[in-house]
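Chain and residue survey
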Amino acid sequence: MKRKHISTKIHDKLKAIELVKKGERVAHVAASYGVGRQTLLDWMNQEERFRNYVNQNAKNAERVSIRPESTTQTSEALFIWFDNMRERGVPISGPLLQAKALQFHKVYHDGPANFSASSGWLSRWKKQHEVRQLTVCGEALSSREDLLPTFFNHLQKIIEEENLSFHQIYNADETGLNFKRLPNKTLAARTQKKAPGYKESKERVTFLACANASGRHKLPLFLIGKSKNPRALKNVHIQDLPVKYGNQESAWMTRALFKEWFFQNFVPEVRKYLQKEGLPEKALLILDNAPVHPEERELMCDGIRVMFLPPSVTSTIQPMDQNVLEVLKKKYRKVFLEFVLEQIEIDPNVMNAVKAVDILKVILWTAQAWDQVDANTIARSWKGIFETTFSSNVLSEDQFLNDELHTDSVDMDHLIQLANDLPHIGLITAEDIRDWSQSDNCLDISEDTIFDIVTSTKSVNSEQELENDLEDYFEPSSVQNNDEKHVSAEQALKALDVVLSYIRQGENNTTQQ
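Residues numbered from 1 in each chain as written. Predicted model: local features only at pLDDT ≥ 70, side-chain atom pairs only at ≥ 80, totals over all residues. Heavy atoms only, no water.

Examining the overall build of the protein
This is how it is decided: Secondary structure elements follow DSSP: runs of H or I no shorter than four residues count as helices, runs of E no shorter than two count as strands, and numbering proceeds from the N terminus. Each residue's exposure class comes from its accessible area (1.4 Å probe, protein chains only) as a fraction of the maximum for that residue type: buried when under 20%, exposed when over 50%, partly exposed otherwise. Two residues form a contact once any of their heavy atoms are found within 4.5 Å. Surface exposure here means Shrake-Rupley accessible area, sampled with a 1.4 Å probe, where a residue is shielded only by the protein chains that are shown.
What the protein contains, in helices and strands, is 21 helices and 8 strands. Per-residue burial for the protein yields a buried fraction of 49% across its 513 residues. Excluding contacts between residues fewer than 6 apart, the proportion of contacts in the protein whose partners are at least 24 apart in sequence is 72%. Surface summary for the protein: the accessible area is close to 25300 Å², and the carbon and sulfur share equals 46%.

Considerations on the nonpolar core
Condition: Buried residues of nine kinds, namely Ala, Val, Leu, Ile, Met, Phe, Trp, Tyr and Cys, make up a nonpolar core once their side-chain atoms join them within 4.5 Å.
Counting 69 residues, the largest nonpolar core has F336 and W370 as the members making the most contacts within it. At 12 residues, the largest contribution of residues to this core is made by helix α12 (residues 324-344). Once you skip the residues sitting within four places of it in the chain, W370 turns out to touch A209, C210, A211, K218, L219, L221, M320, V324, L328 and I378. Listed in part, the 27 residues of the second largest apolar core include L208, I224, V270 and A290.

Side note on the confidence of the model for the protein
Heads up, the rule is: Confidence per residue, as judged by the predictor, is encoded in pLDDT with a range of 0 to 100.
Summary statistics for the protein give a mean pLDDT of 75 and a share of 69% for residues scoring 70 or more. Model confidence for the protein, summarised as mean pLDDT per element, is weakest for strand β7 (residues 479-480) at 36 and strongest for strand β5 (residues 283-287) at 96. When the criterion is pLDDT under 50, residues 133-141 qualifies, and its contacts beyond four places in sequence or with other chains add up to 26 contacts. Residue range residues 506-513 is modelled with pLDDT below 50. Its contacts to residues more than four positions away, or to other chains, number 7 contacts.

Notes on α12
The line we're drawing: The span expected for a helix works out to 1.5 Å for each residue beyond the first.
Spanning 21 residues, α12 covers 31 Å between terminal C-alpha atoms, matching the ideal 30 Å at 1.5 Å per step. Burial of α12 is extensive: 16 of the 21 residues sit out of reach of the surface.

Let's talk about the sheet that holds β5
Note the threshold: Any two strands with at least two DSSP-identified bridges between them are counted as paired. A fitted line through C-alpha atoms represents every axis, and for helices the fit uses only the stretch in contact; the resulting angles, taken between N-to-C directions, go from 0 to 180 degrees.
With mixed pairing, the 6 strands of this open sheet are ordered in space as β4-β3-β2-β1-β5-β6. In the strand order of this sheet, the two ends are held by β4 (244-247) and β6 (304-308), each with one partner. With strand direction ignored, the average angle separating the axes of adjacent strands in the sheet is 25°. In this fold helix α14 (residues 359-372) packs onto β1 (169-177), β2 (205-212), β3 (222-225) and β4, with an angle of close to 25° to the strand it touches most, β2.

Focus: the side chain of S381
Our working definition: Nitrogen and oxygen atoms within 3.5 Å of one another constitute a polar contact, given that in protein one can donate a hydrogen and the other can accept it, and given that sequence-neighbouring residues count only through two side-chain atoms.
Here S381 lies in the loop between α15 (375-380) and α16 (383-386). For S381, a relative accessible area of 3% gives the class buried. A polar contact is formed between the side chain of S381 and the backbone oxygen of P319, at a distance of 3.4 Å. Within the structure, the side chain of S381 is placed 2.5 Å from the backbone oxygen of I378, a separation counted as a polar contact. Those residues within four positions of S381 in sequence are excluded, and the remaining contacts are P319, Q322 and V324.

Examining the pairing of β3
Side chains F222 and I224 of β3 all project onto a buried face; the interleaved residues L223 and G225 project onto the opposite face, where all are buried too. Bridging between β3 and β4 involves 4 bridges; their strand directions are parallel. Within β4, the position partnered with I224 by the bridge is G246.

A few points about the packing of helix α6 (residues 94-108) against helix α7 (residues 119-128)
We apply this condition: Small angles under 35 degrees read as roughly parallel and large ones over 145 as roughly antiparallel, with 65 to 115 read as roughly perpendicular and the rest as oblique. Residue polarity is assigned by list, with Asp, Glu, Lys and Arg as charged and Ala, Val, Leu, Ile, Met, Phe, Trp, Tyr, Cys and Pro as nonpolar; anything else, Gly included, falls into the polar class.
In the contact formed by α6 and α7, the axes pass within 11 Å of each other and the chain directions differ by 95°. Here α6 lies roughly perpendicular to α7, going by the angle between them. Contacts from G94, L97, Q98 and A101 of α6 reach α7 at S119, W121, L122 and W125. The class makeup of the residues in the contact of α6 with α7 is 5 nonpolar, 3 polar and no charged.

Re the pattern of salt bridges
Let me state the cut-off plainly: Here a salt bridge means any side-chain nitrogen of Lys or Arg lying within 4 Å of a carboxyl oxygen belonging to Asp or Glu.
Using the criterion set out here, one finds 14 salt bridges in the structure. Here E281 makes a salt bridge to R271, at a shortest N to O gap of 3.7 Å. Pair noted here: E281 is in the loop between α10 (255-277) and β5 and R271 is in helix α10, with a separation of 10 residues, a long-range link. Given the relative accessible area of 36%, E281 is considered partly exposed. When the shortest N-O distance is used, the salt bridge between K334 and E338 registers 3.1 Å. On the criterion of helical spacing, the pair formed by K334 and E338 is a turn pair, its members being 4 residues apart in helix α12. Judged by relative accessible area, E338 falls into the partly exposed class, the value being 26%. One salt-bridge network, held together by shared partners, links E18, K21, E47 and R51.

Concerning the side chain of K244
For K244, the location among the structural elements is in strand β4. With residues near it in sequence (within four places) discarded, K244 still touches L221, F222, L223, E260, W261 and N265.

Considering the packing of aromatic side chains
What counts is decided by this rule: The pairing test for Phe, Tyr and Trp rings, Trp by its six-membered ring, is centres within 6.5 Å, and the orientation test on the planes gives stacked under 30 degrees, edge-to-face over 60, and tilted for anything in between. Cation placement over rings: the criterion is NZ of Lys or CZ of Arg within 6 Å of the ring centroid and within 35° of the ring normal.
As enumerated under the stated definition, the model contains 15 aromatic pairs in all. A ring pair is formed by Y332 and W365, whose centres lie 6.0 Å apart and whose planes are at 55°; its orientation type is tilted. Here W365 lies in helix α14 and Y332 lies in helix α12, a separation of 33 residues in the sequence. The exposure class of W365 is buried, given its relative accessible area of 11%. Three or more aromatic residues joined by ring pairs make a cluster, and in this case those are Y170, F258, W261, F262, F263 and F266. If you follow K218 out to its NZ or CZ, it ends over the ring of W370, 5.3 Å from the centre. In this structure, R333 is placed above the aromatic ring of W436, and the distance from its NZ or CZ to the ring centre is 5.1 Å.

Next up, the structure:
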């Protein structure tokens, strides 16, 4: 007769094991717990596993079984990546999270070998990390609009107390640019992964755009590449470039780079502009609360200071995110496609044309695109902050936000036509162009800089300390163009493991803050 199935809690299994270890007969103990002799022997073989589980999950000792080895490292790494992207206002979809989870799992190998990042796993992950409903890539994440009234009141108070005009209020924001990526339907995009030594979709820079609310003062772009001395800039004086150039291992912004930009570029440029306009040397820079931005107290210089937006509202009210950066990127891509088309008239190989795009061209094209973003586009981007918030007497000396202002943009039809002039598979539509533009936000894990994640979890005073800790995890790597260090996804994720270990240590590591 088949024995009735008995569910035994983990702590009871350990009690049964203890009874056998004290000398009681296996058959007797097994019978008292309503299980077979072999079942009890199986428990004894798993004693160490049971005890480790209870020690690490005391509140779960009432479970009747241990789930397959958990995906703790994958889960924590995914949350750090997600949190980092969310702070930047990057829209994240469920399928994108599942894809990133699989990428992390390939390195950590935690959990079951057949881990698939299923919908059920994602649901549990969202519940564990209190992640609200996500939207598809290209749409904004849920906004914390309840935080806006307090922010608006504080901003209005500063403007009135300091008697600031539109000319004295600035916004700056960073964005990534995959500067060689083509629309997905082009033949080159389809074959790029098969090209030896060529990873077009992985090549990126970060640039920071900053302008005042009148749109009349646009600071030169701050462009961040990977290499300190790119080969394409070998015969070029850095100070002669139309942008400020910086470098970082993964071409991302860091706190150190941002502070350097603030004090060496923003403050002098703003003072020069205000003197020219005959205005007091006072200014306010509004920033999102991305972890790569130092604290307000670290960004003050006489009458020039910063103010942070509330979390999770950047996609809805941050001026640079209201079409300004999008217009800039479209203008860049227009020039990029025109260059590729010119090159294939000489050599029909599209990929050769794309490979001819170097960092100097990117610098010149982004600077040109920024010059073409007009004041009206920038001024109109501030409507979310100014239009319905302040009384009519505030900032009344400027009239940049009336409904007649137009937003300049590259003609979508022109971009579609240029893209369709390339060798392509199927008609390239407006939706394809939008997906192409949003590809900068849907980043590959191999491009997620470990140092950016470091600065999201470390105080600015201890960045160097943790960077030193990470050095052992970066093996000597091949050098591209003799000046660029390549870091593989596996190396980056090993380094991320160090960051996760740091986080788990808790408050003991935050004494320097």
